[in-house]
Amino acid sequence: MTEDRESILYDLPRELLLIREPVKLVSAIDQAAQKLGLPVTLGFAADSKGRSLVPLSEYHSAMERFVIMLEGTLHESFSLNKPLSLGGDNPLKPLLEGRIITSHERLAPVGGVVLGEKEFIEGLVPCRSGFSREQSEAIIKTLGITGICALPLGGRRLVGVLLLTTTLERPDWEEGQKELLSRLAGLVDPVLDSLADQESLKTLAREGQAWFEIARIMALPRLSLDRKLKISMGAILDLHHVETGSIMIRQGRYLVVRAASNKKILGFRQHIDTNSISAHVARTGMSLNLGHVSGDSRFSTSPGDRSIYRCDMALAVPISFGRKILGVLSLTNRAGGGPFDPAEERRIVGFVGRIGGFIDRALVNEVLIKERARLRKTNETLKRLEKTKQDLTNMVVHDLKGPLAEVVANIHLLSDESLSELGREALESALLGTDALSLLIANLLHISRMEEDRFDLKLSHVSVYTVIQTTLNRLKTLLDQHGHEVVLAIEPDLPRVEADEEVLSRIIQNLVVNAVDHTPMNGRLTFRGFLGKGLVTVSLADQGPGVDPAYREVIFEKFSRNPDRKGPSLSTGLGLNFCKLAVEAHGGRIWVQEAPGVGADFRFTLPLAEEK
């Protein structure tokens, strides 16, 4: 018999390692205990949380006989099909800590807990408050039992419980039973802990797989955010064995349902200041685990309040990244029923915290996609408007050139006639007007070509002094009409530059017209030239009000004008823009600074001509 027992104890751990279901584990241990000769009377398997007990099927009839004996004393809520909770005030609660419970000191091992028969019975089946010790003793006597022992199975987490009894007149173990009991517990508990560790590793592996899947989904560029959230929510529900849920994303002061098991609530908006569960979680950043939603007066859950919660339990978890609350994950209808226990809540909160960064990047990407689409549409609109404007400009310029040429030709014919002094003044004004219009048309054409990169320079070795002098001669009428003196402080032998002579003349013309426009009557315009390293700097200083530093870049933009200018102006906002584009086309630069004393000093550079 001793050899049989040793063989049973030797084989039991290996047999248990091949079993995965808790109920089958407890049944295998129960059978081994009976083969060892231990007096097992009842066997219970624990639920997945290790906090409630359910009788093994082979002991249902024994439990039924026991319940019949307690008829009239049981609590109304008791049912054989309902798990027996070891929490709260249950006298058998020490089983959760792995401690053996007995009815007598002689039966108890070191560290065991001793209870009376009454407490044992009340722990196994909830009795009414009127249940007496005399009743419990009578029941024990009827069963022929003199002592009871509850043996917990499992180390760190309860897997099951075996109830052993003795019928000896003096409650005690038979010879060798106490040692067998200790050896059985010593063999079984490490194996059960090992199996629990394996299950934990599997859980970690499943979490890792779900984490990588969500990371992959969130990184897909062509998938919409709603689709990403729906797939991710499905992965979360599968991982944590939950039937239904939803993901609400924060948009300003609202939470919007972007993914949900119930399609009817998609798009539902909820203000963050309402007294709903999700709004509370979004405001506080703390998860809420409610086992009885309908009984919690803090939150509105009636259909009239359009609540998205319709069952009596819910776990709401904030989706966050850093200190930023992105939304709320709501889980309802846990598989197996009942509320989420604290361990499940911690696991879910931790997992959601690890995927918050992926969701944040997906939300940012959604904003960028929408912004790119908006900018693309705006850019297309601007391109159409620019083309329309360019076509209109070309049409206007083309239609003006012919009539203007005819006007200019007729004015020159009149200049050969004998005119009165008044007629001569009118003719000069007409010439100035046509010159200004011709300059405007030329600027429009050249700016358009330069912007479209269709402007070809005819480069040659040009004397800056000669071009300025020639241009001033053409502008003599304009200068005389305003009484301006022009000082040409440039050496005639200043080295030549590599430039398009006609374009350089037009740059000078535009700068002079601008200076005349801003200089008071009878003022002075001063040209200077400076030789630098590989370039020549040309300066034109006027005696106008100058240019505010804040506008010294802006005035070179198209259609821009000096906001400090008061009174009538010759400027169209194109002259300086033409100068900038033309100078840069030559490889130079143009700018404005304060003139010595008073006024503005416009300067531009041109490259020196290479000597052959």
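Starting afresh in each chain, residues are numbered from 1 along the sequence in its written order. Note on the predicted model: pLDDT of at least 70 is required for a residue's local features to be given, and 80 or more for side-chain atom pairs to be given and counted; whole-chain, interface and lining totals, by contrast, use all residues. Side-chain measures were taken over the full set of non-hydrogen atoms in the model, leaving aside hydrogen atoms and water.

1. So, the overall build of the chain
When helices and strands are tallied, the chain shows 14 helices and 20 strands. The rule is simple: take the accessible area with a 1.4 Å probe, protein chains only, and divide by the maximum for that residue type; under 20% is buried, over 50% is exposed, in between is partly exposed. Relative to its full complement of 612 residues, the chain shows a buried share of 44%. Here, two residues are considered to be in contact whenever any of their heavy atoms come within 4.5 Å of each other. The long-range share in the chain, meaning contacts at least 24 apart out of those at least 6 apart in sequence, stands at 62%. Helix numbering and strand numbering both begin at the N terminus, where a helix is a DSSP run of H or I of at least 4 residues and a strand a DSSP run of E of at least 2.

2. A word on the pattern of salt bridges
We define a salt bridge as a contact between a side-chain nitrogen of Lys or Arg and a carboxyl oxygen of Asp or Glu at a distance within 4 Å. Applying the stated rule across the entire model yields 17 salt bridges. Between Lys324 and Asp360 there is a salt bridge; the shortest N-O distance is 2.7 Å. On the criterion of sequence distance, the pair formed by Lys324 in strand β13 (residues 324-334) and Asp360 in helix α9 (residues 342-415) is long-range, its members being 36 residues apart. Across the pair Arg524 and Glu485 runs a salt bridge whose closest N-O atoms are separated by 3.7 Å. Linking Arg524 in strand β17 (residues 524-532) with Glu485 in strand β15 (residues 485-489), this pair joins segments that are 39 residues apart in sequence.

3. Here we look at the sheet that holds strand β11 (residues 288-290)
Think of a sheet as strands paired side by side through backbone hydrogen bonds, with each pair either parallel or antiparallel. The strand order across the open sheet formed by six strands is β10-β9-β8-β13-β12-β11, and the pairing between neighbours is antiparallel. Bordering the open sheet on either side are β10 (269-271) and β11, each of which pairs with just one other strand. If you compare each strand with its neighbour and ignore which way they point, the axes differ by 25° on average. With six bridges connecting them, strand β8 (residues 242-251) and strand β9 (residues 254-260) associate as antiparallel partners. Bridge pairing in β9 links Gln251 to Tyr254. Only C-alpha atoms enter the line fits that serve as axes; for helices the fit covers just the stretch in contact. Angles between N-to-C directions range over 0 to 180 degrees. Contacting β8, β9 and β13, helix α7 (residues 225-239) crosses the sheet at an angle of about 140° to β8. The strands touched by helix α8 (residues 277-284) within the sheet are β8, β9, β10, β11, β12 (314-321) and β13, with β13 carrying the most contacts at an inclination of about 140°. Whether two strands pair comes down to DSSP finding at least two bridges between them.

4. A few points about unusual backbone geometry
With phi around 55°, His241 is a residue other than glycine that occupies positive phi space. Within the secondary structure, His241 sits in the loop between α7 and β8. Assessed through its relative accessible area of 49%, His241 is described here as partly exposed. The phi torsion at Asn522 lies on the positive side, around 60°, for a residue other than glycine. Note that Asn522 resides in the loop between α13 (501-518) and β17. With relative accessibility at 61%, the residue Asn522 sits in the exposed group.

5. Concerning the packing of aromatic side chains
Aromatic rings in a pair are described by how distant their centres are and how their planes are angled relative to each other. Centre distance within 6.5 Å is the pairing criterion for rings of Phe, Tyr and Trp, where only the six-membered ring of Trp is used; planes under 30 degrees apart are then read as stacked, over 60 as edge-to-face, and the remainder as tilted. For the coordinates displayed, the defined rule picks out three aromatic pairs. Between Phe556 and Phe602, the ring centres sit 6.1 Å apart and the planes meet at 75°, which makes this aromatic pair edge-to-face. Remark: Phe602 occurs in strand β20 (residues 600-607) and Phe556 occurs in the loop between β18 (535-541) and α14 (575-585); sequence separation between them is 46 residues. Accessibility classification places Phe556 together with Phe602 in one group, the buried group.

6. Digging into α7
In this analysis, the expected span of each helix is defined as 1.5 Å times one less than the number of residues it contains. For α7, spanning 15 residues, the distance from its first C-alpha to its last is 21 Å, which sits close to the expected 21 Å at 1.5 Å a residue. Taken residue by residue, α7 has Leu225, Lys228, Leu229, Ser232, Met233, Ala235, Ile236, Leu237 and Leu239 as its buried positions. Taken from the residues just after α7, His241 is the one with a positive phi, measuring 55°.

7. Some thoughts on the side chain of Asn577
Positionally, Asn577 belongs in helix α14. Leave out the neighbours within four places in its chain, and Asn577 touches Ile447, Phe556, Glu557 and Lys558.

8. What to know about the environment of Met233
Within the secondary structure, Met233 sits in helix α7. Residue Met233 is classed as buried on the basis of its relative accessible area of 4%. Distance from Met233 to Ala259, taken between C-alpha atoms, is 7.3 Å for residues 26 residues apart in sequence. Among all residues touching Met233, those that are not within four sequence positions of it are Gly245, Ser246, Ile247, Ala259, Ala260 and Ser261.

9. Examining helix α2 (residues 22-35)
Here α2 spans 20 Å end to end across 14 residues, near enough to the 20 Å set by a 1.5 Å rise per residue. Every buried residue of α2 is listed here: Leu25, Val26, Ser27, Ala28, Ile29, Asp30, Ala32 and Ala33.

10. What about the sheet that holds strand β2 (residues 52-55)?
With mixed pairing, the seven strands of this open sheet are ordered in space as β3-β2-β1-β7-β6-β4-β5. Unpaired on one side and paired on the other, β3 (84-85) and β5 (113-114) mark the two borders of the sheet. One ladder, built from two bridges, connects β2 with β3; its direction is antiparallel. Bridging across to β3, Leu53 finds its partner in Leu84.

11. A short note on the pairing of β13
The element β13 is extensively covered by neighbouring structure, given that eight of its eleven residues are classed as buried. As defined by bridge partners, β8 adjoins β13 across seven bridges and the pair is classed as antiparallel. Bridge pairing links Ile247 to Leu329 in β13. The pairing of β12 with β13 spans seven bridges and is classified as antiparallel. Residue pairing across strands places Ile319 opposite Gly327, the latter belonging to β13. Connecting β12 to the next strand, β13, in antiparallel fashion are two residues, including Gly322 with a positive phi near 70°.

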